[in-house]
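Structure assessment
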Amino acid sequence: MGDLNNDPIKLDRSAKIYVAGHRGLVGSAITAALRRLGFSNLLLPPRSLLDLTDQSAVESFFAAEKPAYVILAAAKVGGIHANNTYPAEFIATNLQIQTNVIHSAYRNGVVKLLFLGSSCIYPKFAPQPIPESALLTGPLEPTNEWYAVAKIAGIKMCQAYRIQYNFDAISAMPTNLYGPNDNFHPDNSHVLPALMRRFHEAKVLGSKEVVVWGSGAPLREFLHVDDLADAVLFLMEKYSGLGHVNVGSGKEVTIRELAELVKEVVGFEGNIVWDGSKPDGTPRKLMDSSLLAGLGWTPKVSLRDGLVDTYKWYLENVKR
Ligand SMILES: NC(=O)C1=CN([C@@H]2O[C@H](COP(=O)(O)OP(=O)(O)OC[C@H]3O[C@@H](n4cnc5c(N)ncnc54)[C@H](OP(=O)(O)O)[C@@H]3O)[C@@H](O)[C@H]2O)C=CC1
Ligand SMILES: C[C@H]1O[C@H](OP(=O)(O)OP(=O)(O)OC[C@H]2O[C@@H](n3cnc4c(=O)[nH]c(N)nc43)[C@H](O)[C@@H]2O)[C@@H](O)[C@@H](O)C1=O
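Residues numbered from 1 in each chain as written. Chains lettered and ligands numbered in written order. Predicted model: local features only at pLDDT ≥ 70, side-chain atom pairs only at ≥ 80, totals over all residues. Heavy atoms only, no water.

The protein appears in an unreviewed UniProt entry as GDP-L-fucose synthase from Escallonia rubra. According to the UniProt record, the Sequence similarities (unreviewed entry) comment for the protein is "Belongs to the NAD(P)-dependent epimerase/dehydratase family. Fucose synthase subfamily." (UniProt positions renumbered as here; feature names shortened; annotations may be inferred.)

This is the structure we're talking about:
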């Protein structure tokens, strides 16, 4: 599955490129990176004008606009609590969005499409670091299996359309991401923005303690979204193959270490209290990103620098 059909292409800077989900964490970073690189013909319809769960609206959009390239960063996304609480929405919405976009992209002559999955596609007890070949080798983590099944279907759909129709659809599997434009919801977000907000609010209110979920023992690998955007555009030009590609930083921390680091960056001086009634989720999911490294890509942003950058953005854009 990791076979490379390595025909590097130079993306045409003036061709139409559609970024689905351009207002989100990932889509906004990709859009900014495309603009920096001189792409001048971005298609960025707001969700109010194009609901990607609406099959006929998606088909009409593709038929009218005929984009050359598509980056599929629109999805129903959330942290461990949201995944565990809204399983129907996570499987149904994601299957609908990705099926509609991939199918209409193929039907309307898109030259290349990149689908974004997630490291949660791998078995809960996959070998570490997790190679791409670990896909479908064991049971999934129960807190996010619905979302994971949708993402696995997305990978398989890209592969099927490549095999049957020769459609150049590739899949990238990022590790846990963070950065500007993240979702800072107190319950439904991922751990890093949730903790940033909680420590910030505790600092402002003068609280003595902050509650963090679980045991603190799980390990997670974090990647700044600007690095992910860079990797996505790198793959669009350098990779064309059946197998999906892991995108990670190669560095992991425990949730306890992450909490201490966020606390320090935010400047909260109280204590951390662990809520053991909340799920830990998968114990460890460090990805093996050597396939991507072998193609010549490496991440640049350290976790500490990325946290400082994200907290600055949070202060300027979310809370004052
Ligand atoms: N965040 C993370 O840690 C990780 C994310 N990923 C993957 O990256 C991709 C992007 O995630 P992320 O940026 O974090 O998610 P966000 O929630 O930040 O952004 C999702 C985007 O999708 C759009 N969207 C959702 N539903 C619809 C719809 N029905 N019609 C049109 N647009 C819709 C949203 O629109 P609107 O702005 O209008 O709400 C938003 O712009 C996803 O595929 C996700 O699985 C993978 C690994 C980790
Ligand atoms: C990217 C990936 O993200 C999700 O998986 P996850 O890695 O488990 O995501 P998470 O960021 O929500 O949690 C990471 C760890 O952190 C702990 N934790 C502590 N305190 C808070 C807290 O306040 N909020 C959250 N969310 N977690 C907390 C939490 O208990 C867990 O041990 C998938 O569902 C799926 O969306 C996916 O693909």
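Turning to the overall build of the protein, a few remarks are in order. Secondary structure summary: the protein contains ten helices and eleven strands in total. Its C-alpha atoms give the protein a radius of gyration of 19 Å, near enough to 20 Å, the size a compact globule of 320 residues would have. Its C-alpha atoms give the protein principal-axis dimensions of roughly 60 × 40 × 40 Å. Between the centroid of the 32 positive side chains of the protein and the centroid of its 32 negative side chains there is a distance of 3 Å. (Helix = DSSP H or I, 4+ residues; strand = E, 2+ residues; numbered from the N terminus. Rg over C-alpha atoms; globule rule 2.2 N^0.38 Å. Lys, Arg positive; Asp, Glu negative; His and termini not counted. Charge placed at Lys NZ, Arg CZ, Asp CG, Glu CD.)

It is worth spelling out the side chain of H244 at this point. With respect to the helices and strands, the residue H244 is situated in the loop between α7 (225-238) and β9 (245-247). Within the structure, the side chain of H244 is placed 2.9 Å from the side chain of Y122, a separation counted as a polar contact. Polar side-chain contacts of H244 include one of 3.5 Å to the backbone oxygen of E132. H244 has contacts with I121, Y122, E132, L135, I155, S171, M173 and L291, leaving out every residue within four places of it along the chain. (Polar contact = N/O pair within 3.5 Å; in protein donor to acceptor, adjacent residues only side chain to side chain. Contact = heavy atoms within 4.5 Å.)

A word on the UniProt feature "domain: NAD-dependent epimerase/dehydratase" (unreviewed entry) in the protein. Following the UniProt record, one finds the feature "domain: NAD-dependent epimerase/dehydratase" (unreviewed entry) at residues 17-248. Annotated as residues 17-248, this span is 43% helix and 16% strand, and its ends, taken at the C-alpha atoms, are 25 Å apart.

When its volume is computed, the second largest pocket comes out at roughly 200 Å³. Taken together, 14 residues form the lining of the second largest pocket, with S249, K251, V301, S302 and L303 sitting closest to its centre. Those elements giving two or more residues to the lining of the second largest pocket turn out to be β8 (219-224) and β10 (252-254). Here the lining of the second largest pocket gets four residues from one element, more than from any other, and that element is β8. Residues of the lining of the second largest pocket, tallied by class, amount to six nonpolar, three polar and five charged. (1 Å grid on protein atoms, 1.4 Å probe; cavity = no way out; pocket = protein on both sides within 12 Å on 5 of 7 lines; lining within 4 Å. Points joined across faces, edges and corners; volume = space filled by probe spheres on them. Nonpolar A, V, L, I, M, F, W, Y, C, P; charged D, E, K, R; others polar.)

Here we take up α7. Here α7 contains 14 residues, and its C-alpha end-to-end distance of 19 Å stays within 8% of the 20 Å for a straight helix at 1.5 Å per residue. Most of α7 is tucked away, with eleven of its 14 residues classed as buried. Residues of α7 that are buried: V225, D227, L228, A229, A231, V232, L233, F234, L235, M236 and E237. (Expected span 1.5 Å × (residues − 1). Buried < 20%, exposed > 50% of the residue type's maximum accessible area, 1.4 Å probe, protein only.)

Taken together, 23 residues are adjacent to ligand 2, and I80, S118, R198, P279 and D280 come closest. N83 has a polar side-chain atom sitting 2.9 Å from an oxygen atom of ligand 2. Contact between ligand 2 and K285: an oxygen atom at 3.2 Å from a side-chain N or O atom of the residue. Coverage of ligand 2 by the protein amounts to 97% of the 690 Å² it exposes when considered alone. (Near = heavy atom within 4 Å. Areas by Shrake-Rupley, 256 points an atom, 1.4 Å probe, with all protein chains shown as cover.)

Turning our eyes to something else, we now look at the pairing of strand β7 (residues 209-213). Burial along β7 is one-sided: V210 and V212 are buried, and none of E209, V211 and W213, which face the opposite way, are. Across five bridges, β7 lies against strand β11 (residues 271-275) in parallel orientation. Pairing of V212 across the sheet is with W274, part of β11. (Pairing = 2+ DSSP bridges.)

What follows is about empty space enclosed by the protein. Scanning the model with the defined rule gives two cavities of 30 Å³ or more in all. Each pocket or cavity is described by its volume, and for the largest cavity that value is around 70 Å³. Taken together, 13 residues form the lining of the largest cavity, with S119, Y122, P123, T282 and K285 sitting closest to its centre. Among the residues forming the lining of the largest cavity, the class breakdown is five nonpolar, four polar and four charged. Residue lining of the second largest cavity: L72, A74, A75, N94, I97, Q98, F115, L116 and K151, and that is the complete set. Of all the elements in the fold, those that place two or more residues in the lining of the second largest cavity are α4 (87-107) and β4 (112-116). Of the residues forming the lining of the second largest cavity, the biggest block, three residues, is contributed by α4. Among the residues making up the lining of the second largest cavity, the classes are represented as six nonpolar, two polar and one charged.

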